[in-house]
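Now for the letters of each chain:
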Amino acid sequence: MSFLFGRQPQISSEQKIAQAEAEIDMVSDMYSRLVASCSKKCIDSTYREPDLNKGESVCLDRCVAKFFEVNVKVSEKMQGEAQNRQGGGGMFGGGM
């Protein structure tokens, strides 16, 4: 009955664990996509040297920075659209 007095209902331990697992899955997926994308773009598949050369290192650095920059922009855009839908915005949300 706590919801009657303006409080949020408590989240159970199972729900917290499920949320944490979902977050870990999302981060793992993002990391896997990052590694696959930037490795394909920046590292020669013949592996002529045991270490990264300067060009590969710079390419990877830029690729990772761009990947995260785009990820942040997409997340902000999606959050803004979700808020617009919840706030009654959009094409059919009123306002004539």
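What you see is a predicted model, and the numbers here were worked out from it, not measured in a lab.

Reading the values: rules and limits
Numbering of residues starts from 1 in each chain and follows the order in which that chain's sequence is written. Residue-level local features of this predicted model are given only where pLDDT is at least 70; pairs of side-chain atoms are given and counted only at 80 or more, and the full residue set underlies all totals for whole chains, interfaces and linings. Computation of side-chain values covers all heavy atoms of the structure but excludes hydrogens and water. Burial classes: relative accessible area under 20% of the type maximum marks a residue as buried, over 50% as exposed, and values in between as partly exposed (1.4 Å probe, protein chains only). Orientation is described by axes fitted as lines to C-alpha atoms, over the contacting stretch for helices, and by angles from 0 to 180 degrees between their N-to-C directions. Under the scheme used here, helices are H or I runs from DSSP no shorter than 4 residues and strands are E runs no shorter than 2 residues, and both carry numbers assigned from the N terminus. By definition in this entry, angles of less than 35 degrees are roughly parallel, angles greater than 145 are roughly antiparallel, angles of 65 to 115 are roughly perpendicular, and the rest are oblique. Put simply, a crossing is left-handed when the front helix is turned counterclockwise from the back one by less than a right angle, and right-handed when it is turned clockwise. When checking whether two residues touch, look at their non-hydrogen atoms; a contact exists if any pair is within 4.5 Å. In this classification, the charged set is Asp, Glu, Lys and Arg, the nonpolar set is Ala, Val, Leu, Ile, Met, Phe, Trp, Tyr, Cys and Pro, and all remaining amino acids, among them Gly, are polar. The disulfide criterion is simple: two cysteine sulfur atoms within 2.5 Å.

Asker: Would you take a moment to explain unusual backbone geometry for this structure?
Answerer: Where the residue is not glycine, phi is negative for most of them; where a peptide bond is considered, it is trans in most cases. The phi torsion at Tyr47 lies on the positive side, around 50°, for a residue other than glycine. With relative accessibility at 62%, the residue Tyr47 sits in the exposed group.

Asker: Just checking my understanding: could you explain the packing of helix 1 (residues 13-42) against helix 2 (residues 54-86) for this structure?
Answerer: Any two packed helices are characterised by how steeply their axes cross, that is the angle between the axes, and by the distance between the axes. Viewed as axis vectors pointing N to C, helix 1 and helix 2 meet at an angle of 140°, and their least axial separation amounts to 9 Å. The orientation of helix 1 with respect to helix 2, classified from their angle, is oblique. Handedness of the crossing formed by helix 1 with helix 2: right-handed. Taken together, the residues of helix 2 that come into contact with helix 1 (itself represented by Met30, Arg33, Leu34, Cys38, Ser39, Lys41 and Cys42) are Glu56, Cys59, Leu60, Cys63, Val64, Phe67, Phe68 and Asn71. Taken together, the residues that form the contact of helix 1 with helix 2 break down as 10 nonpolar, 2 polar and 3 charged.

Asker: Explanation requested: the state of the cysteines in the structure shown.
Answerer: Covalently bonding the sulfur atom of one cysteine to the sulfur atom of another cysteine gives a disulfide. For the structure shown, the criterion picks out 2 disulfides. Disulfide partner of Cys38: Cys63, at an S-S distance of 2.0 Å. Classification of the bridge connecting Cys38 and Cys63 rests on its S-S torsion, roughly -85°, and on that basis the disulfide is left-handed. Of the two residues, Cys38 sits in helix 1 while Cys63 sits in helix 2, which places them 25 residues apart along the sequence. This pair shows no difference in class: Cys38 is buried, exactly as Cys63 is. With a sulfur-sulfur separation of 2.0 Å, Cys42 is cross-linked through a disulfide to Cys59. Around the S-S axis, the bridge from Cys42 to Cys59 shows a dihedral of about -65° and counts as left-handed. Linking Cys42 in helix 1 with Cys59 in helix 2, this pair joins segments that are 17 residues apart in sequence. By relative accessible area, Cys42 is classed as buried at 9%. A residue is classified by how much of its surface remains accessible, and Cys59, at 24% relative accessible area, is partly exposed. Should the bonded cysteines of the protein be numbered as they appear in the sequence, the pairing reads 1-4, 2-3.

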